[in-house]
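# Fold and geometry: a report
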Amino acid sequence: MARGVEREFMNVLIIGGGGREHALAWKIAQSPRTRHVFVAPGNAGTAADAENIDIPENDFAALIRFAKETKVELTVVGPEAPLAAGIVDAFEKEKLRIFGPTKAAAELEASKVFCKDLLRGADVPTADYHTFRDPARAIRFLREREDVPVVVKAEGLAAGKGVVVCEKREQAVEAVEQIAQEKIFGEAGNRVIIEERLHGQEVSVLAITDGRTIVTLQPAQDHKPAYDGDTGPNTGGMGAYSPTPLVGDELMHWIEEHVLVPTVHAMKRMRRPFRGVLYAGLMITNQGPKVLEYNARFGDPECQPLVMRLKTDLVDVLDAAARGELDQIGPLEWDPRPAVCVVMASEGYPGKYSKGHPIRGLDEAAALTDVKVFHAGTSLRDKQAVTSGGRVLGVTALGDSISKAKLQAYTAVKKIRWDGAWCRKDISDKAMR
């Protein structure tokens, strides 16, 4: 509970329509401070736990008009695209309270070049890198160096898919051609980054900050590659669990001191104070943690297991951050039990997939103890939930151990069916190794 923060009752507007936004809506609706939760545009799941508003996340004028008409006291932005486009600046100009970074601060995620340059300047550990505007120069750079593993990244936003891990030189050349010449991610490929490949396990450390105070959340681990054993193409995330044994208390303190604090200070020095969710994607290497990238919002699917475990009133925390009063929030309280989220996807994802398949078994899955099915790519058709995206559901469960949470999540997965449904079978197995 907030210390000294005025606990007004409020209408809350959540921007977005994915699994992260359903998780936020579900958690925010549980707050005794919440009068009403709206989600724009939402999905079939948010329609059950809140009220969907048929306004696209990029229609800032309509969202502002709605917020004023319905007396929304707090707006929470889920996805990266509206943040990068300046939704926070637009709301603040109209004196509307909103949780998230400004356009200038969100460049930490929107531009990987900006992020890497900031990390270098702030002396935050990260992989060595080279930036190229001209794809021919990037390809020449690859041809002239040893045939060693590298990572090729599109500079801009690419829905979590703009990173290609390359074992061989020809793979890297092909990645540059696709990103920078064929523009498979559009304008995101205007510049490419070629960086050394780091070895180790990835972890996600998210923190909420008002630009001065940092409140760190429990560590999580995402599963980016499409298939079991971390094989196949990168996706937006096929599942996550929290906490991860890779990050104990001592390492978490190190990450706060050497990664999060210097980043917040560097943003402040650049007159781009960061307020919102600072999400560090880290590789735990033999030389210690190194930052792979920053996101400027809650992770999806990391948000799902995190809110399942969070016992502190989320509205208190987000409202205090939006007000610049995060120093008045006490330590967060967590359910000691781990949570595992398994993403169920449409056949063909992360490539092309069909939509409109009726989803069966949702009620049976929801009836299981300590299970919540978060909707991502769903919509309603004649009151029936149907698929509308690549990542369709985030089936999330708590358990007394990671293995028990995994078992409960997959028990729920088995109850849900639609034509072409699939998922990874090994979410959280890394923790048990």
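Residues numbered from 1 in each chain as written. Predicted model: local features only at pLDDT ≥ 70, side-chain atom pairs only at ≥ 80, totals over all residues. Heavy atoms only, no water.

## Some words on the sheet that holds strand β8 (residues 163-166)
On the basis of which strands lie adjacent, the open sheet formed by 4 strands has the order β6-β9-β7-β8 and antiparallel pairing. Edge positions in the sheet fall to β6 (129-132) and β8, since each has one partner strand and no second. Pairs of neighbouring strands in the sheet enclose a mean axial angle of 20°, with direction left out of account. Note that strand β7 (residues 150-154) and strand β9 (residues 192-196) share 5 bridges and pair antiparallel. Residue pairing in the sheet places Ala-154 in a bridge with Val-192 of β9. (Pairing = 2+ DSSP bridges. Helix = DSSP H or I, 4+ residues; strand = E, 2+ residues; numbered from the N terminus. Axes fitted to C-alpha atoms, helices over the stretch in contact; angles between N-to-C directions.)

## Re the sheet that holds strand β5 (residues 98-99)
Pairing in this open sheet of 5 strands is parallel, and the strands run β3-β2-β1-β4-β5 from one edge to the other. The sheet is open, and its two borders are formed by β3 (51-52) and β5, each paired with just one other strand. Looking at chain direction, strand β2 (residues 34-41) and β3 are connected through 2 bridges and run parallel. Along β3, the bridge assignment pairs Phe-38 with Glu-51. Against the sheet, helix α1 (residues 19-29) contacts β1 (10-16), β2 and β4 (72-77), and its axis sits at roughly 170° relative to β1. (Contact = heavy atoms within 4.5 Å.)

## Looking at the pairing of β7
Among the 5 residues of β7, 5 are classified as buried, and the element is accordingly described as predominantly covered. Alternating residues of β7 divide into Val-150, Val-152 and Ala-154 and Val-151 and Lys-153, and every residue in both groups is buried. One ladder, built from 4 bridges, connects β7 with β8; its direction is antiparallel. Paired with Val-152 across the two strands is Val-164, which belongs to β8. (Buried < 20%, exposed > 50% of the residue type's maximum accessible area, 1.4 Å probe, protein only.)

## Side note on helix α14 (residues 402-413)
The end-to-end C-alpha distance of α14, which contains 12 residues, comes to 16 Å, matching closely the 16 Å that a straight helix rising 1.5 Å per residue would cover. Taken together, the buried positions of α14 are occupied by Ile-402, Ala-405, Lys-406, Ala-409, Tyr-410, Ala-412 and Val-413. Viewed along the axis of α14, the buried residues span an arc of 155°, placing them on a single side of the element. Those residues of α14 that are exposed and aimed more than 90 degrees away from the buried face are Lys-404 and Leu-407. Contacts from the buried residues of α14 go to β15 (239-242), β18 (339-345), α13 (362-366), β19 (371-375), β22 (391-398) and α15 (429-432). (Expected span 1.5 Å × (residues − 1). Arc of directions from axis to C-beta.)

## Considerations on the packing of aromatic side chains
What characterises a pair of aromatic rings is the spacing of the ring centres plus the angle enclosed by the ring planes. Scanning the model with the defined rule gives 5 aromatic pairs in all. Geometrically, the ring pair formed by Phe-132 and Phe-141 is tilted, given 5.3 Å between the ring centres and 45° between the ring planes. You'll find Phe-132 and Phe-141 in the same group, each marked buried. (Phe/Tyr/Trp six-rings, centres within 6.5 Å; stacked < 30°, edge-to-face > 60°.)

## Structural notes on the nonpolar core
The biggest cluster of nonpolar side chains holds 40 residues, and the ones touching the most others in it are Ile-14, Ile-28, Val-76, Ile-208, Phe-298 and Leu-318. Elements that contribute at least two residues to this core include exactly β1, α1, β2, β4, β10 (201-209), β16 (276-285), α11 (303-309) and α12 (314-323). Broken down by element, this core gets its largest block of residues, 7 residues, from α12. Counting 27 residues, the second largest nonpolar core, distinct from the first, contains Cys-115, Met-252, Leu-260 and Met-267. (Core = buried A, V, L, I, M, F, W, Y, C linked by side-chain atoms within 4.5 Å.)

## Focus: unusual backbone geometry
In this chain, Ala-40 is followed by Pro-41 through a cis amide linkage whose omega measures 0°. With respect to the helices, strands and loops of the structure, Pro-41 is situated in strand β2. Residue Pro-350 is bonded to the preceding Tyr-349 through a cis peptide linkage, with omega at 10°. In this fold, Pro-350 is placed in the loop between β18 and α13. Of note, the phi angle at Lys-95 is positive, near 60°, even though the residue is not glycine.

## So, the side chain of Lys-112
Here Lys-112 lies in helix α7 (residues 112-121). The charged side chain of Lys-112 is buried without a salt bridge, its nearest counter-charge being Glu-293 at 4.3 Å. Once residues lying within four places of it in the same chain are set aside, the contact partners of Lys-112 are Lys-153, Ala-154, Glu-155, Gly-156, Val-163, Ile-193 and Glu-293. (Lys, Arg positive; Asp, Glu negative; His and termini not counted. Salt bridge = Lys/Arg side-chain N within 4 Å of Asp/Glu carboxyl O.)

## What to know about the state of the cysteines
Following the criterion strictly, the structure yields 0 disulfides and no others. Cys-115 forms no disulfide, and the closest cysteine sulfur to it belongs to Cys-166, at a distance of 19 Å. (Disulfide = S-S within 2.5 Å.)

## What about the pattern of salt bridges?
Any two side chains of opposite charge can pair, on the condition that their charged atoms come close. For the structure shown, the criterion picks out 25 salt bridges. Across the pair Glu-92 and Arg-275 runs a salt bridge whose closest N-O atoms are separated by 2.1 Å. Here Arg-275 lies in the loop between α10 (249-269) and β16 and Glu-92 lies in helix α5 (residues 87-93), a separation of 183 residues in the sequence. For Glu-92, a relative accessible area of 31% translates into the label partly exposed. Linking Glu-195 and Lys-116 is a salt bridge whose minimum nitrogen-to-oxygen distance equals 3.0 Å. Pair noted here: Glu-195 is in strand β9 and Lys-116 is in helix α7, with a separation of 79 residues, a long-range link. When its relative accessible area of 3% is taken as the criterion, Glu-195 is described as buried. The buried category is assigned to Lys-116, whose relative accessible area is 2%. Where salt bridges share partners, they join Arg-20, Glu-21, Glu-80, Glu-109 and Arg-297 into one cluster.

## A word on the environment of Ser-403
The topology assignment puts Ser-403 in helix α14. Here Ser-403 falls in the partly exposed class, since its relative accessible area comes to 37%. The spatial distance from the C-alpha of Ser-403 to the C-alpha of Gly-236 is 24 Å, given a sequence separation of 167 residues.

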